Amino acid sequence: MIGGTRLSVLYLSITLVVLLQNPSEQCQEATTAELAQDWWETAQFYQIYPRSFKDSDGDGIGDLKGITSKLEYLKDIGVTATWLSPIYTSPMVDFGYDISNFFDIQPEYGTLEDFRGLMAKAKELGLKIILDFVPNHSSTENEWFKKSVNREKGYEDYYVWSDGKLDENGQRQPPSNWLSGFRGSAWQWNEQRQQYYLHQFAVQQADLNYRNPAVVEQMKRVLRYWLDMGVDGFRIDAATLLFEAKPDELGIYPDEEVSGLTDDKEDRNYLKMEKVDLQPESIDMIYQWRQVMDDYQRIHGGDTRVLLIETYAPMWYTMQMYGNSTTKGAELPFNFNLITEVDTGFSAKDVQKAVDDWLTKMPAGGTANWVIGNHDRRRAASRYGLRNIDGMNMLVMLLPGVSVTYQGEELGMTDGVISWEETVDPAACNSNPDIFENLTRDPCRTPFQWSAEKNAGFSEGNKTWLPLASGYETVNVEAESSADKSHLKIYKELVALRGTSKTLQQGSYKYKALNDGVFVLKRYLPGSETLLYVANYGEGSYSANIVENFDVTLPSSMNVKISSMDSKQNAGTSVTLNKISLAPGEALVLGTK
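Fair warning: this is a prediction, and the values are worked out from it, not measured in the lab.

Reading guide: rules and limits
- Residues numbered from 1 in each chain as written.
- Predicted model: local features only at pLDDT ≥ 70, side-chain atom pairs only at ≥ 80, totals over all residues.
- Heavy atoms only, no water.
- Phe/Tyr/Trp six-rings, centres within 6.5 Å; stacked < 30°, edge-to-face > 60°.
- Helix = DSSP H or I, 4+ residues; strand = E, 2+ residues; numbered from the N terminus.
- Buried < 20%, exposed > 50% of the residue type's maximum accessible area, 1.4 Å probe, protein only.
- Lys NZ or Arg CZ within 6 Å of the ring centre and 35° of its normal.
- Axes fitted to C-alpha atoms, helices over the stretch in contact; angles between N-to-C directions.
- Left-handed = near helix turned anticlockwise from the far one by under 90°.
- Contact = heavy atoms within 4.5 Å.
- Nonpolar A, V, L, I, M, F, W, Y, C, P; charged D, E, K, R; others polar.
- Pairing = 2+ DSSP bridges.

Student: In this structure, what is going on with the packing of aromatic side chains? I would like to understand it.
Tutor: If you walk through the whole model with that rule in mind, you get 41 aromatic pairs. Relative to Phe 448, the ring of Phe 53 lies with its centre 5.3 Å away and its plane at 50°, an arrangement referred to as tilted. Of this pair, Phe 53 sits in the loop between strand 3 (44–48) and helix 1 (64–69) while Phe 448 sits in the loop between helix 12 (426–429) and helix 13 (477–482), placing them 395 residues apart in sequence. For the pair formed by Phe 53 and Phe 448, the shared burial category is buried. For the pair Tyr 73 and Phe 448, a centre-to-centre distance of 6.1 Å together with 65° between the ring planes defines the contact as edge-to-face. A residue pair is termed long-range when its members are at least 10 positions apart, and Tyr 73 in helix 2 (residues 71–76) and Phe 448 in the loop between helix 12 and helix 13 qualify at 375 residues. Each member of the pair, Tyr 73 as well as Phe 448, carries the same accessibility label: buried. Here Lys 510 stacks its cationic end above the ring of Phe 550, 5.3 Å away from the centre of that ring. For the cation-ring pair, Lys 522 lies above Tyr 524, with the distance from its terminal atom to the ring centre recorded as 4.6 Å.

Student: How should I be thinking about the packing of helix 5 (residues 213–228) against helix 6 (residues 280–300) in this particular structure?
Tutor: For any two helices packed against each other, the geometry comes down to the angle between their axes and how far apart the axes lie. Packing of helix 5 against helix 6 leaves a shortest axis separation of 11 Å and a crossing angle of 35°. As helix 5 runs across helix 6, the sense of the crossing is right-handed. Contacts from Val 216, Lys 220, Leu 223, Arg 224, Leu 227 and Asp 228 of helix 5 reach helix 6 at Met 285, Gln 288, Trp 289, Val 292, Met 293 and Tyr 296. Among the residues forming the contact of helix 5 with helix 6, the class breakdown is eight nonpolar, one polar and three charged.

Student: Help me out: how do you make sense of the sheet that holds strand 12 (residues 187–190) in this one?
Tutor: Hydrogen bonding along the main chain pairs the strands of a sheet, whether they run parallel or antiparallel. Spatially, three strands are ordered 9-13-12 in an open sheet, and the strand pairing comes out antiparallel. With one partner strand each, in any of the chains shown, strand 9 (161–162) and strand 12 form the two edges of the open sheet.

Have a look at this one:
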């Protein structure tokens, strides 16, 4: 274990007066008084999708030894901690999110000994390892589920079971109209037990019953097991779904109202799904897991073990994950605003709203975080357009708080093209050839691109589990490392700046969308260098007076520190702020030194 004393932290985030009344011209400014910072508060997190990162044995599937062999790469690009998508034993119906044994490693990925080797190498390099924790459900192949089907003592109510209800013809029906995230009813009849069980995802992913104290304690045991292995924290999957509304005295669950969002009655969005999501008990469960982390540190010492929470939820709900005046919550409820509010054809005003929606609603003492992609969403370079990937990487690095990178974003990797015949994602396979492209997550999970060699240097095998994305011959680590300028080199410069700049670690911020295309962010700290981020997300060129239209306290000129891939501005060049010109997709980081 890495030794150390947890640092207490207090951030006072104050949103000041809106400078202009017109929302489209809104300018937000805030100050942050920093007393002390824990390791995670300025960290660079990096998500690895193990199946697609690096294959060590030629079977076309990434594995733990492959990850271990590439940890030096993560160290080189400045990563603080890496989060691994699920590596537990699984039948792989949902590629690891259907866990049959929470205490062992999926054989395709390796062994517990391989995991110990990965942990040892990471500690040697000073990298922290975050595991994916999937608490909402297990695989139906899990021994807990098999025992529950058989009503074995202690396991009778381990899952959410129901007799269902009889219709007017006396036919047995599911206990409610709830829909699965993978289409169709969220209830599945089990012939052996003669009851329905709840599954909010695939039929093979049965929901655990968190109203059973034995389940709560079992999942805490899972956390402690991996903490004993030396992990530095957990990313908690589907955290808002842990609890559902209670049934009535007859065991019947309340139906959901129709949402009006779609006419597709098999699509989960057809219903409001308020009875199976956003329950207050799920927030309390996060608080309990935070206590597990704190108790473990108190007993064993070492650095803070962090909780990162997946929560696609309204702000009023998500912000409760941070905790309250009496109870500590997660360090980082994931901020997906730059995904959910900023998509294809986005504007600078979309970016401002996404930033506003987090920074103006985050509770005092909270630390912000910024995410532009993950294993469930189209790749950032495909959504924003490749010309904007440097600008978006700059944005998440210069905004206050924590940045999170999904593997490949540092290279400008784009989505792969996966045909219906090649599709393996259950979210898409449960649909049909006409609509699968709207549901599939396969395109953002294609193998990582290490080189222009066979299989992009990902595998020596004859076939990879998913086809490679096109363009890997030039978009890869080897090519971008040797190029004079590349997305990767820009990314490394950004991480290095974050690691050395007190302004970025402790400074105040001010930001504004100048028009539909241009977004400006100022970071400043007395006695330290002022930094300015300016980007043009628009279709046309832009020229304006930044001082007059954004901040009159700025100097008349600043020096380029980092520029986007296609920018003609080189590092060290002086830029006049009262008449700055930006080409489409151009983004700059400017400094006063």
